[in-house]
Amino acid sequence: MTSRMASSESKKNLEAEEMFVAGGLKSLLPHVLRRIIRCNRLSISNTSGMAEGYKQANVVILHKSLADDFEKFCHANAGPLPLLYRSKPGDWKCPSLSSDSDIRTDCLQYRVYEHGACTGTLKSLKEYSEQLKDMVTFYLGCSFSFEKAVQNAGIPVRNVEQKRNVSMYKTAVPCYSISTFCCNLVVTMRPIPESKLEAAVLATSKLKEAHGAPVHMGDPGLLGIQDLSKPDYGDPVHLHPGDIPVFWACGVTGVEAVINCRAPLAFTHSPGCMFITDLKNDNVTVRSSREVPQVHCISQDPLHYSIVSAEAAQKIKNLETLIGIDPGDRGIIHLHCQDELLKACLSISHARSVLITTGFPTHFTYEPPEENDGPPGALAIAAVLQALEKEVAIVTDQRAMNLNKKIIEEAVQLGILKRPVPLLSYQKESADSALMFLCESGNPGRPRFDHLVAIERAGMAADGNYYNARKVNIKHLVDPIDELFLAAQTIPGVATTGVSNWGGYAIACALYILSTCEIHDRYLRKAVGFPQISKKMGWLSALPSVTKEENLLKTLVQHGVRSGKTASLEMEVDGLPFYDTHSVMIEKLLQEVQRGPS
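What counts as what
- Residues numbered from 1 in each chain as written.
- Predicted model: local features only at pLDDT ≥ 70, side-chain atom pairs only at ≥ 80, totals over all residues.
- Heavy atoms only, no water.
- Helix = DSSP H or I, 4+ residues; strand = E, 2+ residues; numbered from the N terminus.
- Buried < 20%, exposed > 50% of the residue type's maximum accessible area, 1.4 Å probe, protein only.
- Contact = heavy atoms within 4.5 Å.
- Areas by Shrake-Rupley, 256 points an atom, 1.4 Å probe, with all protein chains shown as cover.
- Lys, Arg positive; Asp, Glu negative; His and termini not counted.
- Charge placed at Lys NZ, Arg CZ, Asp CG, Glu CD.
- Axes fitted to C-alpha atoms, helices over the stretch in contact; angles between N-to-C directions.
- Parallel < 35°, antiparallel > 145°, perpendicular 65-115°, else oblique.
- Left-handed = near helix turned anticlockwise from the far one by under 90°.
- Nonpolar A, V, L, I, M, F, W, Y, C, P; charged D, E, K, R; others polar.
- pLDDT = per-residue confidence, 0-100.
- Salt bridge = Lys/Arg side-chain N within 4 Å of Asp/Glu carboxyl O.
- Polar contact = N/O pair within 3.5 Å; in protein donor to acceptor, adjacent residues only side chain to side chain.
- Pairing = 2+ DSSP bridges.
- Right-handed = clockwise from strand over helix to strand, strands pointing away.

**Side note on the overall build of the protein chain**
What the protein chain contains, in helices and strands, is 19 helices and 20 strands. Projected onto the principal axes, the alpha-carbon positions of the protein chain cover approximately 115 × 50 × 45 Å. Within the protein chain, the fraction of its 598 residues that count as buried is 55%. If you take every contact in the protein chain between residues at least 6 apart in sequence, the share linking residues at least 24 apart comes to 76%. As displayed, the protein chain has an accessible area near 25800 Å², and 52% of this comes from carbon and sulfur atoms. The average position of the 62 basic charges and that of the 65 acidic charges among the side chains of the protein chain differ by 7 Å.

Written as C-alpha cells, this is what we have:
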C-alpha cells in the first residue's frame, strides 16, 4: 500500500470516527467524552446536549489567596454559583465529581484572564502547570445539566434543536458582593412555549445544583437586557411563535466576578464549554404544596410572570374567600374578581414603589365629611410595605391633607406605622397633569410608582360628577384622583388595584404570605443574596391586629370621622360593629396567615 493510500484511508477512518462521535455525544458516558476532549478530537463549540442526564460544571481557577473569598461569594449567590467542588491548591482532579479527570485538559476550551482582561483562549492549560500548583479550581453547577429533565417534561430545548450554544446575557441585577468579588448576574435564556412555563419551572426547580428554577420570565428589559439577538456570551437562539423568554441564573456570573476582581492570573472555561462530571442529576420528587411552584402572569405590558408555591397561592385564595362575604347585604358580590387578590399581590410584591389612595367624603353635611371605611385598610397595606422596605405614599384630597396628616402621625404613635407615610395631593391643571404626577418629567419610561391601589375611593360617573351611595353629588369635595388610575393604564409596567377596606387587610396579609414563601422570595431576589426569611418577625409585627385596628378606629372617631352608612361616631365601620364583625374578620385573616400546611 502506498503512503498516499494509507494516508487517505487513515483520514477516512478519522472522519468516520468523528461522525460517530458527533452523532452519539448525547449517549456517551462522561469519562469517554472527557477522554475525547482531552485528545482534542472534537470540533464542536459547546457541550450542550452532551452526556444527557449528567451534571456539567462551570470552571473558575484562582490563586489560593483568593479562594476563601470566592467560596463565600458562591455561597452568597447560590443561584448562579452552586458550588459542586473546591479543589486543594495544585490538585487537578476532582474525585467526588469524576473518576479520572484532569482540569488542565478536560474542557473543550479555556479562557485566560490577566488583571481582569481576557488575554487568550486555549485548548489546554498544561503550559501553566507550574502556576496552577498555587491555584484552586472551583466547579460550579451548569444549566446544561437540566436540559434532559426539561426535554423529559415534554418541553422543547430550542438551543439544542437549533444546534447552538445557549444565549447568555449580562443583567442589571447586582450580586451580593464579597471582598473583591462583585459583579452583576449573568443569565441564560431559553425560549419556552407559554403553555409549558409551569412545567419548565417544576422540572428545573428540583435541580438546585443546576441553578434551580428560573429567575425571570417575560420581558428581558426588566433585567436590563436590551436585545435578545445580541447575547454577551453564546449564540442567539430564535423564539418560535408563542414562546416566552425564560431566564435562569448562569455560572458565567463567575467569569464576570473574575474579570472584576482583576486577579493577576485566572482561568475559566469558555462559556458553553463545560466540564462534564460522572454525577447523574438527582431524581428529586417534590412532595408538599410548599415545594410545588405555580406560574402566574402579572403583567402584559411589559410581559411579566411570577412564581409562587401552591401552598402560598391557596392561602391567598382563602383570604379572598374570607373577605368576599357581604354581611351588610350591600350587593357587592358582583364587584368580586376571582383570583384577582393573588395577581394584585404578586404585582405589588414585585413593585418598588406603591401609591395608595383612600378617603370618601360621603357625609357632605358634616366636617370632616370623610367616612372611616378605607383609611384602616390603606394604613394596613402601608405598614407592611414599610416593613418590606418598599417606597409607599398616600395621595388624597387637598382639602383633607391636615386631617390625614394627624391620623398618620397618631398611627405612628400607636405602633401601626414605623414612620410617617408621605402625603400627596393631585389637582388637574392641564391635559397631561396625571402623567406629570405619575412619571418623572411626564416620561412614561420613568414612572415614579409601579402600582396604584385605591381603597374605598369615589370615581367619576359618566356625567363627570362624583356620587355617594345615596346618589348625592359630592364633586365639590373630591379631587380627580381617579384620573391617575386611568393614566396609569397607558404607562407600561404600572398596575392598578381597587379594593375594599377588608381588601386592604387581605393585601397586607397576602404580602406577608408571599414574603415568607421561599419559592417566591428566591424569584424576587433573582437567586442572588440570602433568603429574607430572617426578617419574618418584623413583617409579622407589621400586620393588622384587633388591638391596632381598635385603637385606630378610636382615633378616627376622635377626629370626627364617621361610619359610612349611619354617620355614627361609634365603634363601627359602614354600619357594621367593630366588635364581632370587623374584629372577627381580622382574626380570621390572621389565622389563615399563620395556618400550617394541611
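**What to know about the packing of helix α15 (residues 501-515) against helix α19 (residues 578-594)**
Viewed as axis vectors pointing N to C, α15 and α19 meet at an angle of 15°, and their least axial separation amounts to 10 Å. By the criterion of interaxial angle, the relationship of α15 to α19 is roughly parallel. The way α15 lies across α19 gives a crossing that is right-handed. Packed against α15, whose contacting residues are W502, Y505, A506, C509, Y512 and I513, the element α19 presents T581, H582, M585, I586, L589, L590 and V593 at the interface. For the contact of α15 with α19, the per-class residue count stands at eleven nonpolar, two polar and no charged.

**Considering the confidence of the model for the protein chain**
Here the protein chain averages 92 in pLDDT, while 93% of its residues score no lower than 70. The low-confidence segment residues 1-6, where pLDDT is below 50, has one contact with residues more than four positions distant or belonging to other chains. Considering only residues more than four positions removed or in separate chains, one finds that residues 12-22, a stretch of pLDDT under 50, has six contacts.

**Looking at the side chain of E320**
For E320, the position within the fold is in helix α9 (residues 310-323). The buried charged residue E320 lacks any salt bridge, with K317 as its nearest oppositely charged partner at 7.8 Å. Here the side chain of E320 touches L341 through a polar contact of 3.0 Å, landing on its backbone nitrogen.

**Quick word on the pairing of strand β17 (residues 451-455)**
Residues in a regular strand point their side chains to alternate faces of the sheet. The buried fraction of β17 amounts to five of the five residues, a majority that puts the element mostly inside the structure. Side-chain alternation along β17 places H451, V453 and I455 on one buried face and L452 and A454 on a second face that is also buried. Bridge count between strand β14 (residues 353-358) and β17: five bridges; the pairing is parallel. Residue T358 lies in a different strand from β17, and its bridge partner there is I455. When β17 meets strand β18 (residues 495-499), the two strands line up parallel, connected through five bridges. In the strand pairing of β18, L452 is matched with T496. Handedness of the β17-helix α14 (residues 482-488)-β18 crossover: right-handed.

**A few points about the sheet that holds strand β13 (residues 303-309)**
With antiparallel pairing, six strands are arranged side by side in an open sheet as β6-β7-β9-β8-β13-β12. Each edge of the sheet is formed by a strand with only one pairing partner; in this case those strands are β6 (167-174) and β12 (293-300). On average, adjacent strands in this sheet sit at an angle of 35° to one another, irrespective of strand direction. Strand direction decides the pairing type here: β12 and β13, joined by seven bridges, are antiparallel. Bridge pairing links Q294 to V308 in β13.

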